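For reference, the chains in residue letters:
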Amino acid sequence: MATSATNLSTQSLNRRLSSLSISSNNKLSAFSLAVSHPSRKSRFIVLSANLDPKPTVLVAEKLGEAGLELLKEFANVDCSYNLSPEELCTKISLCDALIVRSGTKVNREVFESSGGRLKVVGRAGVGIDNVDLAAATEHGCLVVNAPTANTVAAAEHGIALLAAMARNVAQADASVKAGKWQRNKYVGVSLVGKTLAVMGFGKVGSEVARRAKGLGMHVIAHDPYAPADRARAIGVDLVSFEEALANADFISLHMPLTPTTSKMLNDETFAKMKKGVRIVNVARGGVIDEEALVKAIDAGIVAQAALDVFAEEPPSKDSKLVQHEKVTVTPHLGASTVEAQEGVAIEIAEAVVGALKGELAATAVNAPMVPAEVLTELKPYVVLAEKLGRLAVQLVAGGSGVKSVKVAYGSARAPDDLDTRLLRAMITKGLIEPISSVFVNLVNADFTAKQRGLRITEERTTLDGSPESPLDFIQVQISNVESKFASAISDTGEIKVEGRVKDGVPHLTKVGSFEVDVSLEGSIILCRQVDQPGMIGKVGSILGEENVNVSFMSVGRIAPRKQAVMAIGVDEQPKRETLKKIGDIPAIEEFVFLKL
């Protein structure tokens, strides 16, 4: 048991056991004790862990029951809501995954407090501005979100606010309930024929555009990353930021909160808008300078605003913006439908469980973003990439620093039809982990390589043939190093290994200049020998006598009776004495054992 920041003696702790407040679950691998100290207002968190092999998932904000049930099938689930930052940092060292919504800040201190145990942060929603992605990446923690489940709900809420604002629904409702009947005061404006500028043409923005087109609006959009063909398919014109501001009767915001978009709507941009513009925000409060918006409304530049999000949530009760008669507000309800809540819960639970199982996450935010269908296709090549990296680095002689690595891909596909970021990350993992205590994953691979001065370059060879398979081969070359197995040095002076996927299984197909064919399962013994009869039998007999099972064996040679390289796949690691017996065979000139 470990106690944080306490000098309570064992006796005084025992005397206060009766006053302990315990929050626990008999299925959990951790529980917390709140200990009252007579002279201080603070409380101390005491943690204990058992030996339950299941991972522990901390759910820090309310999640739909369907998602919780999915999590409980795989992991221990700790639902602890409204944790203070200190309590979160204390709990996190006993958790493998953390699920939050928008109210919990997952900052650098959280990742540092996890002690490396935290593997996944799941954001139940789209935006991830409450998660420190840089810190997550540095600590090898995958961040996943739920980008699709609440898309329709958010878009519908945006349209609801658009229509409610145009027809003064909220203000008229409050007026009637106050006993008034002010039909002339709440005359609205029509949506038909008006221009709506959608700022941010992602999933939600494009769904808002579809619905606005159905209302008879002319829709333009600004998004520097949106493909023009997707916009044209909906009947939307992509325009510059300035054009959107100048031509819009209504502006609907759908961009994430980043340093670039923070307070994007400010005094300067409001001055560029058409007088009488109306603004809807169901994205992030921080993209609007709220003081500037109040001034723009009072000046008549902005006729009305409808806001679901705010820079500070909840906003202060005396907020001039919230209290303004021309502003319609809702308490961050964009994703708040029964269907969306259940969908988000299921989507984030599936993403977190998949990540904890080591599966490739299509919704990863700080790892190579690859569509789910591409992940499925690349899966065997991902395994091949990591194992080639492991093989190559183990061939480097001790003391040689690996600084320059070239990866070559052979494919019949066009260059823009092959995303190699995932493969590069796995090669990096294979190169670094065998010679480092650092755990490398898809998230921190590039960061870790850069930290160690490892430069990885990629090149592609376009091959003739059918592009049905994404890759024909992957080749890894390490330059300016010595090799513990001289035959692995190619004609151009680099350590070179090459592999292919055959029937879904990764194979080593070339070492240096020698062609081989051995399944990359278990471990491998490489031998350079004089090509003569009986060599396979001699090596096989030694391994058999020592009860080492051979899974695969292949011989590549320059010419008959000349030099050859034998690659032997083994299920178990041979004893040192067994390897020495192989090395003592007169015809064997060099050999090396490589652990996969």
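Residues numbered from 1 in each chain as written. Predicted model: local features only at pLDDT ≥ 70, side-chain atom pairs only at ≥ 80, totals over all residues. Heavy atoms only, no water.

**A short note on the overall build of the protein chain**
Line of reasoning, step 1. Along the protein chain, the regular secondary structure elements total 19 helices and 26 strands.
Line of reasoning, step 2. By the burial criterion, 50% of the 596 residues in the protein chain qualify as buried.
Line of reasoning, step 3. By sequence separation, contacts in the protein chain at least 24 residues apart represent 64% of the contacts at least 6 residues apart. (Helix = DSSP H or I, 4+ residues; strand = E, 2+ residues; numbered from the N terminus. Buried < 20%, exposed > 50% of the residue type's maximum accessible area, 1.4 Å probe, protein only. Contact = heavy atoms within 4.5 Å.)

**Some points on the pattern of salt bridges**
Line of reasoning, step 1. Under the definition given, this model contains 26 salt bridges.
Line of reasoning, step 2. A salt bridge links D267 to K295, with the nearest nitrogen and oxygen atoms 3.3 Å apart. Taken together, the positions of D267 in helix α11 (residues 267-270) and K295 in helix α12 (residues 290-298) put the pair 28 residues apart, joining distant regions of the chain.
Line of reasoning, step 3. One salt bridge connects E546 with K581, and the closest N-O pair in it is separated by 3.0 Å. Of the two residues, E546 sits in the loop between α18 (535-545) and β24 (550-557) while K581 sits in helix α19 (residues 576-583), which places them 35 residues apart along the sequence.
Line of reasoning, step 4. A relative accessible area of 28% places E546 in the partly exposed class.
Line of reasoning, step 5. By relative accessible area, K581 is classed as partly exposed at 40%. (Salt bridge = Lys/Arg side-chain N within 4 Å of Asp/Glu carboxyl O.)

**Section: the sheet that holds strand β22 (residues 514-519)**
Line of reasoning, step 1. The mixed open sheet is built from six strands, whose spatial order is β18-β17-β19-β20-β21-β22. In the strand order of this sheet, the two ends are held by β18 (455-462) and β22, each with one partner. Shown here is a sheet whose adjacent strand axes are inclined to one another by a mean of 20°, direction ignored.
Line of reasoning, step 2. Of the strands in this sheet, β19 (473-478), β20 (495-502) and β21 (505-511) are in contact with helix α15 (residues 372-394), which crosses β20 at around 155°.
Line of reasoning, step 3. Contacts from helix α16 (residues 421-432) reach β17 (404-411), β18 and β19 within the one sheet, and its direction differs from that of β17 by about 140°. (Pairing = 2+ DSSP bridges. Axes fitted to C-alpha atoms, helices over the stretch in contact; angles between N-to-C directions.)

**Quick word on the nonpolar core**
Line of reasoning, step 1. In this structure, L395, V405, L431, I474, I478, L508 and L526 are the most contacted members of the largest nonpolar core, which totals 51 residues.
Line of reasoning, step 2. Among the elements that line this core, the one with the most residues is α15, at ten residues.
Line of reasoning, step 3. Among the domains, domain 3 (383-512) and domain 4 (517-595) are the pair contributing at least three residues each to this core.
Line of reasoning, step 4. Setting aside residues up to four positions removed in sequence, I478 forms contacts with A392, V393, V396, V402, S404, V405, L431, E494 and I495.
Line of reasoning, step 5. Residues F241, V287, I288 and F310 belong to the second largest nonpolar core, which totals 30 residues. (Core = buried A, V, L, I, M, F, W, Y, C linked by side-chain atoms within 4.5 Å. Domains from an automatic or database assignment.)

**What to know about the sheet that holds strand β12 (residues 237-238)**
Hydrogen bonds between backbone atoms are what pair the strands of a sheet, whose relative direction is either parallel or antiparallel.
Line of reasoning, step 1. The parallel open sheet is built from seven strands, whose spatial order is β12-β11-β10-β13-β14-β15-β16. In this open sheet, the two strands that pair with only one neighbour each are β12 and β16 (327-329).
Line of reasoning, step 2. With four bridges joining them, strand β10 (residues 195-199) and strand β13 (residues 250-253) adopt parallel strand pairing. Paired with A197 across the strands is I251, a residue of β13.

**Observations concerning the packing of α15 against α16**
Line of reasoning, step 1. At a minimum axis distance of 7 Å, the contact between α15 and α16 shows a crossing angle of 30°. Taken as axis vectors, α15 and α16 run roughly parallel relative to one another. Every pair of crossing elements has a handedness; the one defined by α15 and α16 is right-handed. Counting all contacts with α15, which are made through L375, L378, Y381, V382, A385, E386, G389, R390, A392 and V393, the residues of α16 involved are L422, L423, M426, I427, K429, G430 and L431. (Parallel < 35°, antiparallel > 145°, perpendicular 65-115°, else oblique. Left-handed = near helix turned anticlockwise from the far one by under 90°.)

**Things to note about the environment of G125**
Line of reasoning, step 1. With respect to the helices and strands, G125 occurs in the loop between β8 (120-123) and α5 (133-138).
Line of reasoning, step 2. The class for G125 is buried, based on a relative accessible area of 2%.
Line of reasoning, step 3. Between the C-alpha atoms of G125 and V100, which are 25 residues apart in sequence, the distance is 8.9 Å.
Line of reasoning, step 4. Setting aside residues up to four positions removed in sequence, G125 forms contacts with N145, A146, P147, N150 and V344.

**Notes on the packing of α18 against α19**
Line of reasoning, step 1. Look at α18 against α19: their axes get within 10 Å of each other, and the N-to-C directions meet at 165°. With respect to α19, the axis of α18 lies roughly antiparallel. Here the hand of the crossing between α18 and α19 comes out right-handed. Mapping the contact onto sequence places V539, I542 and L543 in α18 and T578, K581 and I582 in α19.
Line of reasoning, step 2. Its residues assigned to classes, the contact of α18 with α19 comprises four nonpolar, one polar and one charged. (Nonpolar A, V, L, I, M, F, W, Y, C, P; charged D, E, K, R; others polar.)

**Some thoughts on α19**
Line of reasoning, step 1. Listing the buried residues of α19 in full gives T578, L579 and I582. Looking down the long axis of α19, one finds its buried residues gathered within 95° of arc, a one-sided arrangement. The exposed residues of α19 that point more than 90 degrees off its buried face are R576, E577 and K580.
Line of reasoning, step 2. Of the surrounding elements, those touching the buried residues of α19 are β23 (523-530), α18 and β26 (588-595). (Arc of directions from axis to C-beta.)

**Comments concerning the pairing of strand β25 (residues 563-570)**
Line of reasoning, step 1. Of all eight residues making up β25, seven are buried, and the element is well covered by its neighbours.
Line of reasoning, step 2. Bridging between β23 and β25 involves eight bridges; their strand directions are antiparallel. Within β25, the position partnered with I525 by the bridge is I568.
Line of reasoning, step 3. The pairing of β24 with β25 spans seven bridges and is antiparallel. Note on β25: the bridge partner recorded for V555 is M566.

**Observations concerning α18**
Line of reasoning, step 1. Where α18 is concerned, the buried positions are M535, V539, I542 and L543. Viewed end-on, α18 has its buried residues packed into an arc of 95°, placing them on one side of the element.
Line of reasoning, step 2. Structurally, α18 contributes buried residues whose contacts are with β23, β24, β25, α19 and β26.
Line of reasoning, step 3. Where α18 terminates, the next one or two residues include N547, which has phi positive at roughly 60°.

**Observations regarding unusual backbone geometry**
Line of reasoning, step 1. Looking along the chain, the bond that leaves E313 and enters P314 is cis, with omega of -5°.
Line of reasoning, step 2. Among the secondary structure elements, P314 is positioned in the loop between β15 (302-307) and α13 (320-323).
Line of reasoning, step 3. For H332, which is not a glycine, the phi torsion comes out positive at approximately 55°.
Line of reasoning, step 4. Mapped onto the elements of the fold, H332 is located in the loop between β16 and α14 (338-356).

**Considering the side chain of S479**
Line of reasoning, step 1. In this fold, S479 is placed in the loop between β19 and β20.
Line of reasoning, step 2. We classify S479 as buried; its relative accessible area is 18%.
Line of reasoning, step 3. Sequence-distant contacts of S479, that is, excluding residues within four places in its chain, are made with S404 and E494.

**Some points on the confidence of the model for the protein chain**
The predicted coordinates should not be examined in detail at positions where pLDDT is low.
Line of reasoning, step 1. Looking at the protein chain, the pLDDT average stands at 85 and 89% of residues meet or exceed 70.
Line of reasoning, step 2. Of the regions scoring below 50 in pLDDT, residues 1-51 engages in 70 contacts with residues more than four places distant in sequence or in other chains. (pLDDT = per-residue confidence, 0-100.)

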